[in-house]
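Inside the fold
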Amino acid sequence: MKRILAILLCCCLLAGCSVGSDEPYTPTGKGLTWDDGYTGPVQEATEPEVPQEITLICYPDKTMNPILSTDFTNRALFSLIYQSLFVVDRDYQVEPMLCKRYTRSQDMKTYTFYIENATFSDGTRLTAQDVVATLQAAMESTVYSGRFNHVSEIALSGDGGITVQLTTAYENLPVLLDIPIIKASELESDAPLGTGPYVFENNVTGMRLRRRSNWWCSANMSVTAPVIKVVPAESPTQIRDEFEFADLNLVCADPGSDNYADFRCDFELWDCENGIFLYLACNMSSEVFSNQELRAALTYAIDRDTLVEEHYRGFARSAVLPMSPQSPYYSQKLADSYSYDSLKFAQAVNAAALYQEEPLVFLVNSDDSLRLRVARDIRDMLVDCGLQVQMRELSTNDYRYALLIRNYDIYLGQTKLSANMDLSPFFYNAGTLSYGGISDVGTYSLCLEALANHGNYYTLHQKIMEEGLLCPILFRSYAVYATRGLLSDLSPARDNVFYYSLGKTMDSAFTEQ
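Just so we're clear, the structure is a prediction, and the values are computed from it rather than from any experiment.

Helix and strand counts for the protein come out as 15 helices and 18 strands. For the protein, whose C-alpha radius of gyration is 25 Å, the value lies close to the compact-globule estimate of 24 Å for 513 residues. Viewed in the frame of its principal axes, the protein has a C-alpha envelope of about 80 × 70 × 50 Å. Buried residues in the protein amount to 54% of all 513 residues. A fraction of 73% describes how many contacts in the protein between residues 6 or more apart in sequence connect residues 24 or more apart. Carbon and sulfur atoms make up 48% of the accessible area of the protein, which amounts to about 23,500 Å² in all. A gap of 3 Å separates the mean positions of the 39 positive and 65 negative side-chain charges of the protein.

Written out as structure tokens, the structure reads:
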């Protein structure tokens, strides 16, 4: 039946869109929302509301533990099962969830959090020890460890709270604490219990999410189904086919993946930023890029918008500064002064009076075919501006070794930045992202000052761009597809497809020590 409806919809769309326009139909989220200006009384429904029916998907052979899982398909379900101390919306605004109140020391190096009277899905009480154990496990996990660069200790406080001790001042530690909390006794479980509105069940009858009747709180959510069927995933193509021709209602996909499968049915569509940052960086000892003026002019050579459209299908945001453009601290005015202008870079190349006996070496990881294609386009942009460029395409291990021994002039890098856009790993001596001799005490200090006061991000970004320490390109997003009309109020946030609010505010939860 769903296949027939899909065919009829496609025929209607073709009939309706074929006259007077050559533009392709692009479905978007909120596709069924309209405002006709009507302000009169609304007639009450005379029939009972039909229960919402939803089918989701996950890989049964991959973990459903939110601290251990690295699979974005499975992670899409987690915001229905688990809750965190705080939640962060798509514009990086923070709101308390499991945190009832918190204090911060005057030097902003000590935070203490006190939790709500919440319960897990089995009815047992959430404890401060559960929170401590979860955050300590997150410090060691692949997914979350980068958030704890400046955390020295997480422990129980003497008055029943959770104390986080920092090595540097943090203005906004809560933005990093949207980490799903699980039971201390289930840290290694494949499907630990959570405090969220649904409980995950997997037995002989299959997988499902069951709405909790004893949920400790309430919220206005886009998902209200009493039971959500969860079908097993096998591959991106099979997931696409389940969505187009069967009963699957929502898919989280990665258009920046080699395994991405295009969707061609009717749907609503949202982007969901994932924090993955693509950038260029130079070897400061390079004969070409030891020239600061030329290094700083590199930003003008990169046509970011073209890369986003041609390689990421629009599911990325051009970033001239090393911060997500979604962040409230991204200065568009500053970004405009460093945006694409190939003539400026060509003039900088001419002014440098370069004599290249050999092409400069452009290092890229060949195991990521999308990144390789992007790198080749960037090479062409540099060549068009007057540089001789030779690609060095290496496998992951060889690529990392080449970075360490600085066997390159420029490289294309990719990393996942935390929600506070902490850049200190680039500039700390022996930092995890510090390659090519860009570590610098002054820049590292500015990174810490920005963590303490967001007003310093402008100065930090200005220094990075003026000295050509990094050349940002874009921030990637996931694509969230949903059956048209079923989840029109969805508002996906970073790592939180089913984002919802409990209506609490940071001001009401915060107490200065």
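Next comes the rest of the description.
Inspection of the entire model under this criterion finds 22 aromatic pairs. Seen from their ring centres, Tyr102 and Phe510 are 5.2 Å apart, and the 45° between their planes marks the pair as tilted. Residue Tyr102 is found in strand 4 (residues 99–104), and its partner Phe510 is found in strand 18 (residues 510–512); the two are separated by 408 residues along the sequence. Under the relative-accessibility criterion, Phe510 is labelled partly exposed at 25%. Of the aromatic side chains, those joined through ring pairs into one cluster are Phe277, Tyr279, Tyr408, Tyr411, Phe426, Phe427, Tyr435 and Phe475. Lying across the ring of Tyr114, Arg101 places its NZ or CZ 4.0 Å from the centre.

Size it by volume and the largest pocket reaches roughly 1,600 Å³. Those elements that provide at least two residues to the lining of the largest pocket are helix 2 (72–75), strand 12 (268–282), helix 11 (396–404), strand 16 (410–416), helix 12 (424–427) and strand 17 (471–482). By residue number, the principal contributor to the lining of the largest pocket is strand 16, which donates five residues. Here the lining of the largest pocket is composed, by residue class, of 19 nonpolar, 17 polar and 14 charged.

Within a sheet, each strand pairs with its neighbour through backbone hydrogen bonds, oriented either parallel or antiparallel. Read from one edge to the other, the open sheet built from five strands follows the order 6-7-5-4-18, with strand pairing classed as mixed. This sheet does not close on itself; its edge strands, each paired only once, are strand 6 (151–156) and strand 18. This sheet shows a mean twist of 20° between the axes of neighbouring strands, independent of strand direction. Bridge count between strand 4 and strand 18: three bridges; the pairing is parallel. Counterpart to Tyr102 in the pairing with strand 18 is Phe510. Each of strand 5 (110–115), strand 6 and strand 7 (162–166) is contacted by helix 4 (residues 128–139), which is oriented at about 155° to strand 6, the strand it contacts most.

Next up on the list: the pattern of salt bridges. Pairs can form between side chains of opposite charge once their charged atoms are near each other. Under the definition given, this model contains 19 salt bridges. A salt bridge links Arg376 to Glu393; its shortest N-O distance comes to 3.1 Å. Of this pair, Arg376 sits in helix 10 (residues 369–384) while Glu393 sits in strand 15 (residues 389–394), and the two are 17 residues apart along the sequence. A relative accessible area of 34% means that Glu393 is categorised as partly exposed. Across the pair Glu467 and Lys463 runs a salt bridge whose closest N-O atoms are separated by 2.8 Å. Residues joined by salt bridges that share partners form a network here, namely Arg90, Asp271, Glu273 and Arg317.

A few words now on helix 7 (residues 304–311). Buried residues of helix 7: Arg304, Leu307, Val308 and His311, and no others. All buried residues of helix 7 lie within an arc of 105° about the axis, which places them on one face of the element. Exposed and oriented more than 90 degrees from the buried face of helix 7 are Asp305, Glu309 and Glu310. Check the buried side of helix 7 and you find it contacts strand 13 (316–318), helix 10 and strand 17. After helix 7 finishes, the residue Arg313 shows a positive phi value of roughly 55°.

For the rest of this paragraph, the subject is the side chain of Glu201. Here Glu201 is to be found in strand 8 (residues 198–203). Among the polar contacts made by the side chain of Glu201, one reaches the side chain of Arg208 at a distance of 2.5 Å. At 2.7 Å, the side chain of Glu201 forms a polar contact with the side chain of Arg210. Apart from the residues lying within four places of it in its own chain, the contact partners of Glu201 are Gly206, Met207, Arg208 and Arg210.

Moving on: the confidence of the model for the protein. With 90% of its residues at a pLDDT of at least 70, the protein reaches an overall mean of 90. Low confidence marks residues 1–48, where pLDDT is under 50. Its contacts with residues over four positions away, or in another chain, come to 35 contacts.

Here is what the cut-offs are and how they apply
Residues numbered from 1 in each chain as written. Predicted model: local features only at pLDDT ≥ 70, side-chain atom pairs only at ≥ 80, totals over all residues. Heavy atoms only, no water. Helix = DSSP H or I, 4+ residues; strand = E, 2+ residues; numbered from the N terminus. Rg over C-alpha atoms; globule rule 2.2 N^0.38 Å. Buried < 20%, exposed > 50% of the residue type's maximum accessible area, 1.4 Å probe, protein only. Contact = heavy atoms within 4.5 Å. Areas by Shrake-Rupley, 256 points an atom, 1.4 Å probe, with all protein chains shown as cover. Lys, Arg positive; Asp, Glu negative; His and termini not counted. Charge placed at Lys NZ, Arg CZ, Asp CG, Glu CD. Phe/Tyr/Trp six-rings, centres within 6.5 Å; stacked < 30°, edge-to-face > 60°. Lys NZ or Arg CZ within 6 Å of the ring centre and 35° of its normal. 1 Å grid on protein atoms, 1.4 Å probe; cavity = no way out; pocket = protein on both sides within 12 Å on 5 of 7 lines; lining within 4 Å. Points joined across faces, edges and corners; volume = space filled by probe spheres on them. Nonpolar A, V, L, I, M, F, W, Y, C, P; charged D, E, K, R; others polar. Pairing = 2+ DSSP bridges. Axes fitted to C-alpha atoms, helices over the stretch in contact; angles between N-to-C directions. Salt bridge = Lys/Arg side-chain N within 4 Å of Asp/Glu carboxyl O. Arc of directions from axis to C-beta. Polar contact = N/O pair within 3.5 Å; in protein donor to acceptor, adjacent residues only side chain to side chain. pLDDT = per-residue confidence, 0-100.

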